[in-house]
Amino acid sequence: MQVQTPLPATRPKLPEAEKITINLGYVDLGQVDLLVAEGFYSNRTDFIRTAIRNQLSAHGEALKQVVARKMLVLGLQQFSAADLEAVRRAGEKLEIRVLGLATISADVTPELALETIGSVTVLGALHASPAVKAALADRLR
């Protein structure tokens, strides 16, 4: 007789990246393709990621100062219905400030979000249901 063990409860996997689209002139794109063809980069995406990282590194000190000044949470921040219920019980409102990814869980209703979230500032990406985003539209900065 074979006994099956239940699968452990898992959290939903958060995306590791956000897709963006850029427009490049033909000459710039041709130069990128030439560097890829010559083996400097494995593909266009590798070139673009490297260029972005180099610029972020060049402006690293300024970024640190702005993050501190604006009191931003750096990285990933997730808000569940349980988190927001605790905020409601405390009679408080959240001022969400994130540089990275802010996620408002699918179990959060628009009503709960309106009651507990005073403002949302996200530099990066905000993942929330369309209903919650619509409810918070006037609080998004």
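Check the entry above for the structure.
Calculation notes
- Residues numbered from 1 in each chain as written.
- Predicted model: local features only at pLDDT ≥ 70, side-chain atom pairs only at ≥ 80, totals over all residues.
- Heavy atoms only, no water.
- Phe/Tyr/Trp six-rings, centres within 6.5 Å; stacked < 30°, edge-to-face > 60°.
- Buried < 20%, exposed > 50% of the residue type's maximum accessible area, 1.4 Å probe, protein only.
- Helix = DSSP H or I, 4+ residues; strand = E, 2+ residues; numbered from the N terminus.
- Arc of directions from axis to C-beta.
- Patch = residues over 30% accessible without salt bridge, like charges linked within 9 Å, V, L, I, M, F, W, Y side chains within 5 Å.
- Areas by Shrake-Rupley, 256 points an atom, 1.4 Å probe, with all protein chains shown as cover.
- Salt bridge = Lys/Arg side-chain N within 4 Å of Asp/Glu carboxyl O.

## Description of the packing of aromatic side chains
The description of an aromatic ring pair rests on the distance of the ring centres and on the angle between the ring planes. Under the definition given, this model contains one aromatic pair. An angle of 90° between the planes, with centres 5.0 Å apart, marks the rings of Tyr41 and Phe47 as edge-to-face. Residue class for Phe47 comes out partly exposed when judged on its relative accessible area of 22%.

## Some words on helix α4 (residues 81-89)
Of all the positions in α4, only Ala81, Leu84 and Val87 are classed as buried. Down the axis of α4, the buried side of the element spans an arc of 120°, and every buried residue falls inside it. Structural note: α4 exposes Ala82 and Arg89 on the side pointing more than 90 degrees away from its buried face. Phi turns positive one or two residues past the end of α4, at Gly91, with a value near 70°.

## Comments concerning a nonpolar patch on the surface
On the surface, Ile20, Ile22, Leu24, Ile52, Leu56 and Leu63 cluster together into a nonpolar patch covering about 530 Å² of accessible area. Summarising the element assignment, Ile22 is placed in the segment before α1 (26-37).

## With respect to the pattern of salt bridges
Considering all chains together, one arrives at four salt bridges under this definition. Measuring nitrogen to oxygen at the nearest pair gives 2.7 Å for the salt bridge that ties Arg88 to Glu85. Here Arg88 pairs with Glu85, and both are found in helix α4, just three residues apart, close to one helical turn. By relative accessible area, Arg88 is classed as partly exposed at 33%. For Glu85, a relative accessible area of 27% translates into the label partly exposed. Salt bridges sharing partners connect three or more residues here, namely Glu85, Arg88 and Glu115.

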